[in-house]
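Chain residues, written in single-letter form:
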Amino acid sequence: MTSRAGPGDGFTVLDGAALVIGSAIAAVHVRAAAQPAEGLDLMGWTLLWVVLIGVALTAAGPIVFVVRRYGRRPPGYPQTGDRLWAVLGTPWLLAAPVRDEALGILLLEVGTAIASMASLAVLWQTRVVVPPARARARAPTTWTAKVGMILAITWPLQAGFVLAVVG
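Below or above, wherever it landed, is the structure these notes cover. Nothing here was measured: the structure is a model prediction, and the numbers come from that model. Within each chain, residue numbers correspond to sequence positions counted from 1 in written order. Residues qualify for local features only when their pLDDT is at least 70, as the model is predicted, and side-chain atom pairs are given and counted only at 80 or more; totals for whole chains, interfaces and linings, by contrast, use all residues. The side-chain quantities take in all heavy atoms of the structure and omit both hydrogens and water.

**Some points on the pattern of salt bridges**
The criterion, for reference: One side-chain nitrogen of Lys or Arg within 4 Å of one carboxyl oxygen of Asp or Glu is enough to make a salt bridge. Under the scheme used here, helices are H or I runs from DSSP no shorter than 4 residues and strands are E runs no shorter than 2 residues, and both carry numbers assigned from the N terminus. The buried label goes to any residue with under 20% of its type's maximum accessible area, the exposed label to any with over 50%, and the partly exposed label to all in between, with areas taken from a 1.4 Å probe on protein chains only.
One pass over the structure, following the stated rule, counts 1 salt bridge. Ionic pairing is found between Arg68 and Asp15, a salt bridge with its closest N-O pair at 2.9 Å. Remark: Asp15 occurs in helix H1 (residues 13-30) and Arg68 occurs in helix H2 (residues 42-71); sequence separation between them is 53 residues. Asp15 shares its class with Arg68; the two are buried.

This is how it looks when you write it as structure tokens:
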């Protein structure tokens, strides 16, 4: 039987604002790839949009975490998925304002590698090594925890996003 979200667990205007901020961060990272000298075909534009959406969603994680943790704290917040989303989005957030291209790329690559390995370790400890009944009991209940878990499970995509942005 599925349970309904409790009061305060739904999508709010502040969550939407956090996603818009994540989109702005993604635009900063993707802007160089959006204007290649030879132009893009349909497949290139599709890849560009997938990267933009993926980076925007990931980069919004720390902002959503701060808004929900210190603004309006729903009951039971934060869950494991919320923390993982914040960890995966932090390198994108930190690398966006860096103007030195080499330092920004290094920060993004190393930060994403560390965040991805940390999320893999947490997933291994909370989903693989534990008995199935205990893993089901820890299933995410809020939409933010579900998004965080999806991003953590698909952590190899982060490396692809970094390659698309810096390459």
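**Brief notes about helix H7 (residues 156-166)**
Cut-off, in case you're wondering: Directions drawn from the helix axis to the C-beta atoms are what define this arc. Throughout, a contact is declared for two residues whenever any of their heavy atoms are within 4.5 Å.
Considered for burial, the residues of H7 that qualify are Gln158, Phe161, Val162 and Val165. For H7, the angular spread of the buried residues around the axis is 100°, confining them to a single face. Those residues of H7 hidden inside the fold are in contact with H1, H2, helix H3 (80-95), helix H4 (101-128) and helix H6 (143-153).

Without other data, these values stay purely geometric and don't point to any function.
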